[in-house]
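Coordinate analysis (summary)
The residues making up each chain are set out below.
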Amino acid sequence: MFRILLLIPALLCLSSCDEKVAPPPAAPEKVPAELVDSPGFSGHNAYVHCDAICAMGPRYSGSAAYEQQLCYLEKHLHAAGWQTARDTFTAPNGVKMCNLRAFRSHTHCPLLLSCHIDTKTNIAPDFESADDGASGAAVLLELARVLRNEQVELIFLDGEESFATRMSETDGLYGSKFDVARRSGALPRWQLNLDMVGGRNKTIAIPSLDTSDFMYAQYSAAVRALGLSEEKWTVWPGAYMDDHLPYLEAGVDSLNLIAVFSGSNWWHTPKDNMSRICPRSLHESGLMTQQLVKQLLNAGDAGAQ
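Residues numbered from 1 in each chain as written. Predicted model: local features only at pLDDT ≥ 70, side-chain atom pairs only at ≥ 80, totals over all residues. Heavy atoms only, no water.

By size, the foremost hydrophobic cluster in this structure holds 66 residues, and its most contacted members are Leu77, Leu113, Phe156, Leu257 and Met288. Beyond its immediate sequence surroundings of up to four residues, Phe156 is in contact with Leu73, Leu77, Cys98, Asn99, Leu100, Cys115, Ile117, Ala137 and Leu140. Ile155, Leu157, Val180 and Val252 belong to the second largest nonpolar core, which has seven residues in total. (Core = buried A, V, L, I, M, F, W, Y, C linked by side-chain atoms within 4.5 Å. Buried < 20%, exposed > 50% of the residue type's maximum accessible area, 1.4 Å probe, protein only. Contact = heavy atoms within 4.5 Å.)

This is the structure:
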């Protein structure tokens, strides 16, 4: 059922780099090349990570650039105090793939934060895939720095993209399908999936048909708590084939934070480059994810009492 958010005061409309709003900490318009020390989530740092990942070029499954990306993620995750594990597997066509998991301990975590880090093949030699892939990884990597004792696991998924031009039930979502099977039923209670969360003037529209009433309530509450715009954080009247789907079908209550891309002229083209990415937009997506983490874990604590 299509849901419409209540009118919400746009107190923190950070998604456009051109809007005249109070800037978030450490997210200036002209972004320095180095990471900064910030007490909270930094859109600037996420932008630096996104730029560094895109500089590696196309990061399709099994490529040298994909391996370079894994090493970059591991370096910064380890520096933030996370342990990591690579889960390798092979796609039906023989392509080698690898998911990267990050965790604080080996105890079971109720909440999984996910994104995909593979790029579409055969787009262009300099294809950056900045929003569709790198932006989600950049937000999760910066979240890893600021998340402390929360019972959260991170996963950077391979194989979201299909080998064919269009995704189908049998082509695409290889990493998320593998991870669900690998867990053998020991699945998280919730999943937050981030996809295309850094674009200028983005509109995040969670899929109505893929979102439970509970997750919709959490999403709406987070929008209100942060004072975000209903025009920029809304609902799509349908479903998406994305990395939340295998978890959802396995019984995990999932929320897919994904920007509207239907009808765009940049998706899966060389136009998806760093010129699309905005530090403020990344900052807003990080704050939203952090707020949802807080709400979900608090809901879990309340339910355990």
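Moving on, we come to helix α2 (residues 64–79). Its 16 residues give α2 an end-to-end C-alpha distance of 23 Å, which sits within 8% of 22 Å, the value for a rise of 1.5 Å per residue. Burial in α2 covers these residues: Ala65, Tyr66, Gln69, Leu70, Tyr72, Leu73, Glu74, His76 and Leu77. On its buried face, α2 is in contact with α1 (43–54), β1 (83–90), β2 (96–103), α3 (130–146) and β4 (152–157). Just downstream of α2 lies Gly81, where phi reads positive at about 90°. (Helix = DSSP H or I, 4+ residues; strand = E, 2+ residues; numbered from the N terminus. Expected span 1.5 Å × (residues − 1).)

Here the focus is the pairing of β1. Bridging between β1 and β2 involves eight bridges; their strand directions are antiparallel. When the sheet's bridge partners are listed, Arg86 is paired in β2 with Leu100. The loop that links β1 with its antiparallel partner β2 comprises five residues; one of these, Gly94, has a positive phi angle of about 95°. (Pairing = 2+ DSSP bridges.)

As a further point, take the layout of surface pockets. Space left empty within the atom packing is revealed by a probe, the size of a water molecule, rolled over the atoms. What the largest pocket holds in volume is close to 480 Å³. Tallied by class, residues from the lining of the largest pocket come to 12 nonpolar, six polar and seven charged. What the second largest pocket holds in volume is close to 200 Å³. In the lining of the second largest pocket, the residues fall into four nonpolar, four polar and four charged. (1 Å grid on protein atoms, 1.4 Å probe; cavity = no way out; pocket = protein on both sides within 12 Å on 5 of 7 lines; lining within 4 Å. Points joined across faces, edges and corners; volume = space filled by probe spheres on them. Nonpolar A, V, L, I, M, F, W, Y, C, P; charged D, E, K, R; others polar.)

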